[in-house]
Amino acid sequence: MSDIIVENLSKTFLSKDGTVEALKNVNLEIHSGDIYGIIGMSGAGKSTLVRCLNYLEVPTEGRVLIDGKPLSSFSEKELRAERQSIGMIFQHFNLLMQKSVEANVCFPMQIKGKSRADARKRAAELLELVGLSEKRKSYPAQLSGGQKQRVAIARALAMDPKILLCDEATSALDPQTTVQILELLKEINQKYGITIVIITHQMSVVRAICSHVAILKDGEVAETGLVSDIFAHPKTQVAKELLRNDVGNDVQMKAPDGAKTKDKIQHGEIIRIVFSENSAFEPVIANMMLTFQEPVNILKADTKNVGGVAKGEMILQFRKHSQKKEEMKQYLLDRGLAVGEAPEYV
């Protein structure tokens, strides 16, 4: 397991149009064994940051420390050796199309000098881990996207990495396959204690697998913290926007006729409630309306049942001039829900 510390990291590129500040004074602390998410909109600097974590891109300023050792102090030979302990998987798999599944997994081990017999033995173990033992003689062109990503994960694990960097690893996959790949990464994290960094633009991916998250905007860290805390109480506008755009869940209710929710809002206070680990999966809104004999408008619902625990959020609107809304808010709080403002819906 490995700690990753990013200190005051900036990265500037020179272009024909001048300088581009891809990263600006980024500070992160990723602990050993974490599954850490780095999320942001397109152009936020995510991919540049992940390439700086293994010095494929050398920062213009600042440092990256792995287990307390700054990568800037390594010689080229030492840096190559360190990169062998940092696996990477990518959006488009980067498999060798002319080689079989088994040969793809064996390739980095043979480059490292492992014997063919030992490499094949380890490849067999890893292909069993990712559920592709029967595909070892197949070629990438014969595989589905999810199977290709499983091969890429097995290949990354072949070097026994301490850290696994996943750069938009599920972006090219359908939702069901995405869930399977995330479950596999979680299993690998738990089995081997590998520190995993997930680079994504999807809040649903972060929520499904990550313990901590950093949100990037325009090359800067806008917000960091526990995923559960940021989901319950986002502080920045970019965090709220990412949550609002989160569509990777079971239920997604929208305003009728395809209209924007905010265009349908006319009266009454609007709140955001978040289902946490402490909230049971029960018809809490229906029960609240029955208890107080007053309807509320559900402007958005994005919830699911995970092991009997409610996960997700709702945006509610009270009646205009409601005399019971404070009591109703307390009712929700008493049942373990987080209650906050929803300014983005006003």
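Quick note: structure is the one above.
So, how was this worked out
Residues numbered from 1 in each chain as written. Predicted model: local features only at pLDDT ≥ 70, side-chain atom pairs only at ≥ 80, totals over all residues. Heavy atoms only, no water. Core = buried A, V, L, I, M, F, W, Y, C linked by side-chain atoms within 4.5 Å. Buried < 20%, exposed > 50% of the residue type's maximum accessible area, 1.4 Å probe, protein only. Helix = DSSP H or I, 4+ residues; strand = E, 2+ residues; numbered from the N terminus. Contact = heavy atoms within 4.5 Å. Pairing = 2+ DSSP bridges. Axes fitted to C-alpha atoms, helices over the stretch in contact; angles between N-to-C directions. 1 Å grid on protein atoms, 1.4 Å probe; cavity = no way out; pocket = protein on both sides within 12 Å on 5 of 7 lines; lining within 4 Å. Points joined across faces, edges and corners; volume = space filled by probe spheres on them. Nonpolar A, V, L, I, M, F, W, Y, C, P; charged D, E, K, R; others polar.

### Quick look at the nonpolar core
- Judged by nonpolar contacts, the single largest core of 53 residues is most densely connected at Ile-89, Val-105, Ile-153, Cys-166, Leu-185, Ile-196 and Ile-198.
- At 6 residues, the largest contribution of residues to this core is made by helix 5 (residues 145-157).
- With sequence-adjacent residues up to four places away left out, Val-105 is seen in contact with Ala-123, Leu-126, Leu-127, Val-151, Ala-154, Arg-155 and Ala-158.
- Within the second largest apolar cluster, 28 residues are counted, among which are Leu-23, Leu-28, Tyr-55 and Ile-86.

### Here we look at the sheet that holds strand 8 (residues 195-200)
- Within the open sheet, the 6 strands sit side by side as 6-7-8-3-9-10. Their pairing is mixed. Each edge of the sheet is formed by a strand with only one pairing partner; in this case those strands are strand 6 (86-90) and strand 10 (220-226). On average, each strand axis in the sheet is inclined to that of its neighbour by 15°, with strand direction left out of account.
- Both strand 3 (residues 35-40) and strand 8 contribute to a ladder of 5 bridges, which runs parallel.

### A look at the layout of surface pockets
- Within this model, the second largest pocket holds a volume of roughly 520 Å³.
- Along the wall of the second largest pocket there are 18 residues; nearest its centre are Ile-86, Met-88, Pro-108, Arg-155 and Met-159.
- Secondary structure elements with two or more residues in the lining of the second largest pocket: strand 6, helix 3 (101-111) and helix 5.
- Ranked by residues supplied to the lining of the second largest pocket, first place goes to strand 6 with 4 residues.
- Here the lining of the second largest pocket is built from residues that sort into 11 nonpolar, 4 polar and 3 charged.

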